[in-house]
Amino acid sequence: MGNIRGFLDFKRVNFKKLDSKQRIKNFKEFSQALSKEEQEIQGGRCMNCGVAFCQAGLIEENKEIGCPLRNLIPEWNDLIYKGLWEQAYERLDLTNPFPEFTGRVCPAPCEDSCVCAINGASVSIKNNEFAIIENAFKEKFIKISKPNLNGKKMAIVGSGPAGLACGYRLNELGFKVSIFERSDRIGGLLMYGIPDMKLEKSVINRRVELLKKSGIEFHCSYDINSKEKANKLLKDYDGVVLCTGASKAIDLNIKGRNLKNIMFAVDFLTMNTKSLLDKNAPNDLAKNKDVLIIGSGDTSVDCVAVALRQGAKSITRFERSPKRPLKRVQNNPWPLKADIFSTDYGLEEAIAVYGKDVRMYQKLTKEFVGENGFVKGVYASDLKREAINSKMVNVEIANSSKFYKADLILLAMGFSGSENELKSNFNIKFDEKNNILTNDYQTSHKKIFACGDARMGQALVVWAIKDGLECANSIYKSFFA
């Protein structure tokens, strides 16, 4: 290591962010990277631990420990500290085909598992990764090569992170790869489920162009939505990989659900991104409206940020869970991913605009209320945590129901598995969680494989990439082992 005292000598410095009230004036990325020299110092904070938990890639207590891709983090931290940026990219490229995505949208479980984070600030791993890949593009370190074909053709259905990763690795392994996407643009939820502020679409297009040059074929607006289309893929290709995501959004089927202006969060985000791409202008669905977002994950934060930029009059976010603790508690020790209170970018912006935190905790939505066919608000009750049969559960507090005004409601409660049509169209089986059933990535149909959220349920982008890579390796073994 270049500096064994770096974690003591250098303080963590994050990317600079534009002021909240300034950045909500547009839909552009707002983080400003450090200079090369500043980022090199941040690389020098790495301790080169004897056991580097940042790259462990494990799951314990249903929480991540370190990077699922098992990135060689201490190695490329040290290389950028020494100014060896090309070698740093080469080490990063060994494990992660799309660091420009994870360097922007990943919540960085690696940093929670950094040894420096036990009692201080972790190494800025995510920002280091971003700096390495963006410098690699700038300096043209990225080389494109067309591998020798092995005589097998594979069709991939879905072009999200799992589909792109699986296609990338299959192409490396010599397969002729064709990726089919039902939307009008490549990228899946990277394109339409994550707003531009976190991931500008030019970043996706830049990578897709490289994949095309490496030999992968892409087909947009191609929905495999019938048995006939599925059978044609099976006839034309040696195998099919389903990377269709966990696209079945969780609904809230309570009284008044049929009122207008109640919609799934992903549809709201898609409409806005599509409007930006097609018309160079945002959608204005939230303009001058009282917006209620039901859900507490990353998608809900994105909805807050987009609704703000559209000009929402007010924003409220309901969570069923209590407010998280400010520090780790006994059942959430290091090196597990920290389950603590945080305020992400959209929530920061809402606080700056409205002068208060828009989050309301332990709320149970009971009924949608409308007028002339349009939603006008909800009745919601308060919840409390109680121990029942030795398990902490949410219990509704009697007589706590109140009316909350809202004329746009976004459901951001996650996803419940794959679309049912896949079962019949491809003649495959699902598991008890409504995910595609697989054995070593192979479905119940011997020519069909599956990976990503379609196989494992809703997960982070980094897990989808990992699953796509491993699926491709498994496919290679099934043909050539």
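The structure under discussion appears in the preceding block.
Chains are numbered independently. Their residues run from 1 in the order of the written sequence. Only residues with pLDDT of 70 or above have their local features reported here, since the model is predicted, and side-chain atom pairs are shown and tallied only from 80 upward, although totals for entire chains, interfaces and linings are computed over all residues. Neither water nor hydrogens contribute to the side-chain values; these are computed over all heavy atoms in the structure.

Enquirer: Give me the lowdown on the pattern of salt bridges, citing residues and values where you can.
Expert: The rule for a salt bridge is simple: a side-chain nitrogen of Lys or Arg has to be within 4 Å of a carboxyl oxygen of Asp or Glu. One pass over the structure, following the stated rule, counts 36 salt bridges. With a closest N to O distance of 2.6 Å, Glu349 and Arg23 form a salt bridge. Of this pair, Glu349 sits in helix α15 (residues 345-354) while Arg23 sits in helix α2 (residues 20-23), and the two are 326 residues apart along the sequence. For the pair shown, Glu349 and Arg23 are each scored as buried. Note that Arg359 and Asp357 form a salt bridge whose closest N and O atoms lie 2.8 Å from each other. Salt bridges linked by common partners bring Lys17, Arg23, Arg309, Glu348 and Glu349 together as one network. Runs of H or I in DSSP of at least four residues are treated as helices and runs of E of at least two as strands, each being numbered from the N terminus. For each residue, the accessible area found with a 1.4 Å probe, counting protein chains only, is set against the maximum for its type, and the residue is called buried under 20%, exposed over 50%, and partly exposed in between.

Enquirer: So what's going on with the state of the cysteines? Which residues, and what values?
Expert: Working definition: a disulfide is two cysteine sulfur atoms within 2.5 Å of each other. For the coordinates displayed, the defined rule picks out zero disulfides. Of the cysteine sulfurs around Cys110, a residue in no disulfide, the closest is that of Cys67, at 6.1 Å. Its relative accessible area of 9% is what places Cys110 among the buried residues.

Enquirer: An account of the sheet that holds strand β7 (residues 217-219) is needed here, citing residue identities and associated values.
Expert: Pairs of strands are assigned from DSSP output, requiring at least two bridges between the strands. Pairing in this open sheet of five strands is parallel, and the strands run β7-β6-β5-β8-β18 from one edge to the other. Two strands bound the open sheet, and with one partner strand each, they are β7 and β18 (448-450). Within this sheet the neighbouring strands show an average axis-to-axis angle of 20°, counted without direction. Bridge count between strand β6 (residues 176-180) and β7: three bridges; the pairing is parallel. Only the stretch in contact is used when fitting a helix axis, every axis being a line fitted to C-alpha atoms; angles between N-to-C directions are given from 0 to 180 degrees.

Enquirer: Describe the side chain of Arg104, naming the residues involved and giving the relevant values.
Expert: The topology assignment puts Arg104 in helix α6 (residues 99-105). We call two residues in contact whenever any of their non-hydrogen atoms come within 4.5 Å of each other. Contact partners of Arg104, with chain neighbours within four places excluded, come to Glu29, Lys126, Phe130, Glu134, Lys198, Leu199, Val203 and Arg206.

Enquirer: Got a sec to walk through the environment of Gly245? Specific residues and values, please.
Expert: Relative to the helices and strands, Gly245 resides in the loop between β8 (239-242) and β9 (262-264). Sequence separation between Gly245 and Asp453 is 208 residues, and the spatial gap between their C-alpha atoms is 4.5 Å. Beyond its immediate stretch of four places on either side in the chain, Gly245 contacts Ser418, Asp453 and Ala454.

Enquirer: Could you give me a rundown of helix α3 (residues 36-43), with the residues and numbers involved?
Expert: Those residues of α3 that sit buried are Gln39, Glu40, Gln42 and Gly43. End-on, the buried residues of α3 take up no more than an arc of 155°, which puts them together on one face. Here the buried face of α3 lies against α4 (73-81), α5 (85-93) and α8 (125-138). Working definition: the arc comes from the directions between the helix axis and the C-beta atoms, pointing outward to the latter.

Enquirer: Run through empty space enclosed by the protein, naming residues and quoting values.
Expert: In this analysis a 1.4 Å probe is tested at points of a 1 Å grid over the protein atoms alone, and where it fits but cannot get out there is a cavity; an open set with protein on both sides within 12 Å along at least five of seven lines is a pocket; lining residues have an atom within 4 Å of a point. Grid points are joined across faces, edges and corners, and a volume is the space filled by probe spheres set on the points. Overall, the coordinates contain two cavities of 30 Å³ or more when judged by the stated rule. For the lining of the largest cavity, the secondary structure elements donating two or more residues are α4, α7 (109-112) and α8. No other element matches the three residues that α8 contributes to the lining of the largest cavity. Its residues assigned to classes, the lining of the largest cavity shows 10 nonpolar, two polar and two charged. As a volume, the second largest cavity reaches approximately 70 Å³. Along its surface, the second largest cavity is lined by 13 residues, and Cys46, Cys49, Cys54, Cys114 and Val123 are the ones closest to its centre. Three classes are used, and their members are as follows: Ala, Val, Leu, Ile, Met, Phe, Trp, Tyr, Cys and Pro are nonpolar, Asp, Glu, Lys and Arg are charged, and the others, Gly among them, are polar. Each residue belonging to the lining of the second largest cavity can be placed in one class, and the counts come to 12 nonpolar, one polar and no charged.

Enquirer: I'd like a description of the packing of helix α13 (residues 265-279) against helix α14 (residues 298-310), backed by residues and values.
Expert: α14 packs onto α13 with a crossing angle of 45° between their chain directions and a minimal axis gap of 10 Å. By the criterion of interaxial angle, the relationship of α13 to α14 is oblique. Seen from above, α13 lies across α14 with left-handed handedness. Along the contact surface, α13 presents Ala265, Phe268, Leu269 and Asn272, while α14 presents Thr299, Asp302, Cys303, Val306, Ala307 and Gln310. Looking at the contact of α13 with α14, its residues break down into six nonpolar, three polar and one charged. Angles are sorted into four bins: roughly parallel if under 35 degrees, roughly antiparallel if over 145, roughly perpendicular if 65 to 115, and oblique for all others. Each crossing is labelled by how the near helix is turned from the far one, with a counterclockwise turn of less than a right angle marking it left-handed and a clockwise turn marking it right-handed.

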